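# Chains, contacts and geometry: an overview
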Amino acid sequence: MSTDSGASEDRTLAPGNGFLGDTWVNMRRWLLKSVRNPFIVTSSIVQPLIFLVLFSQVFGQVTGGAIGGPGQNIEYISFLLPAIIIQVSLVAAASSGIGLVNDIETGMFAKALVSPMNRGAVFLGKTLAEVARICVQIIIVVVVGVLLGANIATGFLGVLALMLIGILFSIWFTALSNVVGIQTGDTESTIIAVNFLQLPLLFVSSAFLPVDRLPQWIQYISAVNPITYGVDAARALVITGWEWNTILPSIAILVALDLVLTGIALVVLRRATSASA
């Protein structure tokens, strides 16, 4: 890191105007870091787009009978799009912990801990930066999905709701990846840990095939897999419309998960603060 860049980073650690000011300072810092390192943003977009294009083109023809019941004609691209939206949120949330480890290794995290900033604002600002990035990525994925033939039953309002579900889904994994980052303090270990969770969770959920078409043991795991609830809520918006008996329970579970994991992340952050004192 250059001297000018380091000085700029240090200036962002000065306290803002209370909690909101500290939140804004941290959000702005993490957004600038993303812009200055476009590889992170590009990779987190390209991977889901590859899944969207390849899965829809390669498996679309052979999975049509598996995803539609009697009298149903569901295009696989429409079935797949919600899963890719959740994957975008998952990948972006995973990179949050990796970014935090980079701060730990460069000493910026230690400086943040001893600064007068509110600890909750430090975490919230970082989370909001990830949320902003996720919203942009979801829009890109939706546009590509529509170009490939996906139909969103709920229209423009449904796209906004998809973004909300993506955000709600991302918060718990953002918190988890940050906890892993703080606990390991090592980039390689954090990457291994979050990747170990990402792909297995995707494939033992309702992401790529209906749960009732999967082996029984996967159905049991899928029932407690957060990805299933995110995908089911998003899929209702894309395929069946405002199906509240699916959407609301899924959102309630995601919100509960967000509150629990965020609480754990704040506790871990405060303990890290105490340990550095």
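Here, the structure is the one placed above.
First, a word on what this report is: a plain description of the structure on this page.

Conventions adopted
- Residues numbered from 1 in each chain as written.
- Predicted model: local features only at pLDDT ≥ 70, side-chain atom pairs only at ≥ 80, totals over all residues.
- Heavy atoms only, no water.
- Helix = DSSP H or I, 4+ residues; strand = E, 2+ residues; numbered from the N terminus.
- Phe/Tyr/Trp six-rings, centres within 6.5 Å; stacked < 30°, edge-to-face > 60°.
- Lys NZ or Arg CZ within 6 Å of the ring centre and 35° of its normal.
- Expected span 1.5 Å × (residues − 1).
- Bend = angle between axes of the 7 residues up to and from the residue.
- Buried < 20%, exposed > 50% of the residue type's maximum accessible area, 1.4 Å probe, protein only.
- Patch = residues over 30% accessible without salt bridge, like charges linked within 9 Å, V, L, I, M, F, W, Y side chains within 5 Å.
- Areas by Shrake-Rupley, 256 points an atom, 1.4 Å probe, with all protein chains shown as cover.
- Salt bridge = Lys/Arg side-chain N within 4 Å of Asp/Glu carboxyl O.
- Arc of directions from axis to C-beta.
- Contact = heavy atoms within 4.5 Å.

Mapping Leu 259 onto the fold places it in helix α11 (residues 244-276). Taking the C-alpha atoms as reference points, Leu 259 and Trp 172, 87 residues apart in sequence, are found 7.7 Å from one another.

Turning next to the packing of aromatic side chains. Scanning all chains against the criterion turns up five aromatic pairs. Aromatic rings pair up to connect Phe 169, Trp 172 and Phe 173 into one cluster. Above the face of the Trp 30 ring, Lys 126 is positioned so that its terminal group lies 4.4 Å from the ring centre. We note Arg 235 situated over the ring of Phe 79; from NZ or CZ to the ring centre the distance is 3.5 Å.

For the rest of this paragraph, the subject is helix α7 (residues 155-184). For α7, spanning 30 residues, the distance from its first C-alpha to its last is 43 Å, which sits close to the expected 44 Å at 1.5 Å a residue. At Ser 170, α7 shows its largest bend, some 25 degrees. Counting buried residues along α7, 22 of its 30 residues qualify, which places the element largely inside the surrounding structure. At the exit of α7 stands Gly 185, carrying a positive phi of roughly 65 degrees.

Let's shift gears to a nonpolar patch on the surface. A contiguous nonpolar patch, built from Val 46, Ile 50, Val 53, Leu 54, Val 58 and Leu 148 and spanning about 460 Å² of accessible area, is present on the exposed surface. The residue Ile 50 is located in helix α3 (residues 38-67) in this model.

Time to look at helix α8 (residues 187-203). In this model α8 runs 25 Å from its N-terminal to its C-terminal C-alpha over 17 residues, within 8% of the 24 Å that 1.5 Å per residue would give. All of the buried residues in α8 are Thr 190, Val 194, Gln 198, Leu 201 and Leu 202. The buried residues of α8 occupy one face: seen down the axis, they fall within an arc of 95 degrees. Residues Glu 188, Ile 192 and Phe 196 are exposed on α8 and point more than 90 degrees away from its buried face. Those residues of α8 that are buried are in contact with α4 (76-106), α7 and α10 (226-240).

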